[in-house]
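These are the residues of each chain, in order.
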Amino acid sequence: MNIKRMLAAGLAATLLALTGCGSTSTSSDAQTDTQSADSLKTVNVVLDWYPNAVHCFLYNAIEKGYYAEEGLDVQLQFPANGNDALSLVAAGQAQLGIYYPMYVIEARAEQNVPVKSIGAVCQEQLSVVLSLKEENITSAADFTGKTIGYGGSPLSEALAKTMMENAGVDPSTVTMTDVGMDLMSSMTTGRVDVTLGCMLNHEVPQLEEEGFEVNYFKMSDYGVPADYELVFVSNDDTIENDPELLRAFLRASKKGFEDMKNDPDGSLDLLLSRQNAENFPLTRSVEEQSMSILLPAMEHEDAPFLSQDPAVWQNDIDWLTENGMIHNAVAVDDVMVDLGA
């Protein structure tokens, strides 16, 4: 589920050669209950991955007509590749996408991709360092002599380096292995000892569902910025010329999240009825565990759902700069905006 592992390859080529997303969209006739279909403004939203528990608030807002009340006909699109949420929004082929903060910063700084975050979907990072319990890896200090699997991004190597530096581990004793999309199977087959980029709300409950005992810890415990997991991005043109459309979307999304909090079981029922079973079938027990992890992560007592703190973005910018992941100056205002929704 963690598309971070797919993002390193092909973003520039995608932006240059963009001809269409080839993705599937979904909406609901319930949106037309409030206003006629002709009066609704179509809003295309590219998901970060196939439908799963983190998207329940979107399906609630569609099904219960919250978007329609705001004059919107929201169409959810599943990405054909890991860059779609950014590249399609940048190209004006979608108004909104769900993406990852550090990659938003990289794209803006290195390629001047015209996108900004307008709201944080998850207020805390859900990407973890994961291993089978039998490996006895409970901290970055245990990396010595181990093989670390990651999903193809130079960013992963920088993350591992930061953790090792903070844990006092000699990098020369560690082997880094690009396992692509095979984060879980690379562990269960013994190809690697530990992986970066697995998701607390997906790979962890999925492995446990399959009978494996696991250990995991957060990268932020070892010097990696504690940033957002997912954010909504929009392009500069929409932000500048149609901010009320985006505010309307955020208002309705917040109502969908309230329903997600108040009725998680009903929200999962709706999700399962809308899942993409052909490409990404869902297991209810896994999604129930995911929901219990997501709800406290998507909103904190001092950080409401979809809010974002400029300091979080600045920490990411500073870390990316210090670790040589971006080479051009970029300001917080270049990568996020508060629309006051």
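Structural data are supplied above this passage.
Because the structure is a prediction, the values reported are computed rather than measured.

(A) Broad picture of the environment of Trp49. With respect to the helices, strands and loops of the structure, Trp49 is situated in the loop between strand E2 (41-46) and helix H2 (56-63). Residue classification places Trp49 among the buried residues on the basis of a relative accessible area of 13%. When the C-alpha positions of Trp49 and Asp84 are compared, they lie 9.8 Å apart, and in sequence the two are 35 residues distant.

(B) Here's a closer look at the sheet that holds strand E8 (residues 175-178). The mixed open sheet is built from five strands, whose spatial order is E8-E7-E9-E6-E10. The sheet is open, and its two borders are formed by E8 and strand E10 (214-218), each paired with just one other strand. Looking at each pair of strands side by side, their axes are set apart by 30° on average, direction ignored. In the sheet, strand E7 (residues 147-150) pairs with strand E9 (residues 194-199) via two bridges, with the strands oriented parallel. By the bridge assignment, Gly149 is partnered in E9 with Thr195.

(C) Quick look at the pairing of strand E3 (residues 72-77). Of all the six residues making up E3, six are buried; the element is thus mostly covered by neighbouring parts of the structure. With burial as the criterion, each face of E3 is covered, one bearing Leu72, Val74 and Leu76 and the other bearing Asp73, Gln75 and Gln77. Relative to E3, E2 runs parallel, the two being bridged by six bridges. By the bridge assignment for E3, Lys41 is matched with Leu72.

Conventions used here
- Residues numbered from 1 in each chain as written.
- Predicted model: local features only at pLDDT ≥ 70, side-chain atom pairs only at ≥ 80, totals over all residues.
- Heavy atoms only, no water.
- Helix = DSSP H or I, 4+ residues; strand = E, 2+ residues; numbered from the N terminus.
- Buried < 20%, exposed > 50% of the residue type's maximum accessible area, 1.4 Å probe, protein only.
- Pairing = 2+ DSSP bridges.
- Axes fitted to C-alpha atoms, helices over the stretch in contact; angles between N-to-C directions.

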